[in-house]
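Letter by letter, the chains look like this.
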Amino acid sequence: MNTTSQPVIVAEKLDLTFQTNDGPVQALRDVNLTINKGDFVSFIGPSGCGKTTFLRVVAALEHPTGGQISVNGMTPDEARRARAYGYVFQAAGLYPWRTIEKNIMLPLEIMGYSSDEQAEHVDRVLKMVDLEGFGKKYPWQLSGGMQQRASIARALAFDAGILLMDEPFGALDEIVRDHLNEQLLALWDRTGMTVGFVTHSIPEAVYLSTRIVVMSPRPGRITDVIESTLPRERPLDIRDTPEFLEIAHRVREGLRAGHAYDD
Ligand SMILES: Nc1ncnc2c1ncn2[C@@H]1O[C@H](COP(=O)(O)OP(=O)(O)OP(=O)(O)O)[C@@H](O)[C@H]1O
């Protein structure tokens, strides 16, 4: 195990209740979680269990109604200003009227990077996601998987150490998804980034993660945190090994237990 763990995201007794017309909705209750530098943490659970809300709290897009959260030792708002993380949404969200490189440049333009710096960053991140040579294309000229890689490149463009990904591959077919999972893992391994990843897929969570956070709804809470025993090097066929299936089984049990608890 990592003996020099450095906490990057620390949530303590985190609560978030939305006030809605139908009354309060407790999206997160008593969430305690520490994500260390270099961790790949997946959040899995049924619809409405607060996975997206948790990522949005980390990204200062929502504010907790109770408890504490820090990101790189700062409040989420400070971390946002310090550009501590990139965020990848479920849909690639690329502007259709901008080329891929212009899409990637957008946050850099806003942050006042010089054109040389912008070009340098774009070249580097396009290489990282295997899209060299596609910078001048428009999003519609790329496949769904390539578009999602371009949106990952955009999230990586300003060298944030944390990547928050909300079901980035949910809309893609299985073969493309497998390929992107492999590429993402290689990227994580090369860069030492810290990743928070929301998914509905048990195999995806087990394949990618160093830790899997199982959540259950009404109110959204953590029901299990599973440390992966898989090696860092993970060919796709690791998914057929007994060790992999064992972890997947535990995730499934955790999801089931969370449901039973609610009924
Ligand atoms: N802005 C909001 N206002 C009111 N309720 C909200 C808001 N955002 C989320 N919720 C509610 O909070 C709960 C958690 O939602 P959240 O989107 O985090 O779940 P999720 O686990 O990501 O679900 P999914 O897998 O469907 O994306 C749900 O009951 C949702 O309806």
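Residues numbered from 1 in each chain as written. Predicted model: local features only at pLDDT ≥ 70, side-chain atom pairs only at ≥ 80, totals over all residues.

A. Layout of the sheet that holds strand 3 (residues 40-44). Read from one edge to the other, the open sheet built from 6 strands follows the order 5-6-7-3-8-9, with strand pairing classed as mixed. The sheet is open, and its two borders are formed by strand 5 (85-88) and strand 9 (221-227), each paired with just one other strand. Averaged over all neighbouring strand pairs, the angle between strand axes comes to 15 degrees, with direction disregarded. Here 5 bridges tie strand 3 to strand 7 (residues 194-199), and the two strands are oriented parallel to one another. Bridging across to strand 7, Phe43 finds its partner in Val198. Packed onto the sheet, helix 1 (residues 51-58) meets strand 3, strand 6 (162-166), strand 7 and strand 8 (211-216) and runs at close to 150 degrees relative to strand 7. (Pairing = 2+ DSSP bridges. Helix = DSSP H or I, 4+ residues; strand = E, 2+ residues; numbered from the N terminus. Axes fitted to C-alpha atoms, helices over the stretch in contact; angles between N-to-C directions. Contact = placed C-beta atoms within 7 Å.)

B. The UniProt feature "domain: ABC transporter" (unreviewed entry) in the protein, seen in detail. UniProt tags residues 11-242 as "domain: ABC transporter" (unreviewed entry). Between the first and last C-alpha atoms of residues 11-242 the distance is 33 Å; the span itself is 34% helix and 27% strand. (UniProt positions renumbered as here; feature names shortened; annotations may be inferred.)

C. Broad picture of the site of the ligand. Neighbouring the ligand are 13 residues, the closest being Phe18, Ala27, Ser47, Thr52 and Thr53. For the shell around the ligand, the secondary-structure elements that each account for two or more residues are strand 1 (7-20), strand 2 (23-36) and helix 1. In terms of residues, the shell around the ligand owes the most to one element, helix 1, which gives 3 residues. Grouping the amino acids of the shell around the ligand by side-chain chemistry returns 4 nonpolar, 8 polar and 1 charged. (Near = placed C-beta within 6 Å. Nonpolar A, V, L, I, M, F, W, Y, C, P; charged D, E, K, R; others polar.)

D. Inspection of the pairing of strand 8 at higher detail. The buried count for strand 8 comes to 5 of 6 residues, which makes it a mostly enclosed element. Alignment of strand 3 against strand 8, held across 4 bridges, turns out to be parallel. Paired with Phe43 across the bridge in strand 8 is Val213. Relative to strand 9, strand 8 is paired through 6 bridges, and the arrangement is antiparallel. When the bridges of strand 9 are listed, Ile212 appears paired with Ile226. If you look at the hairpin formed by strand 8 and strand 9, you'll find 4 residues sitting between the two strands, and Arg218 has a positive phi there, around 50 degrees. (Buried ≥ 20, exposed ≤ 12 C-beta atoms within 10 Å, placed from the backbone.)

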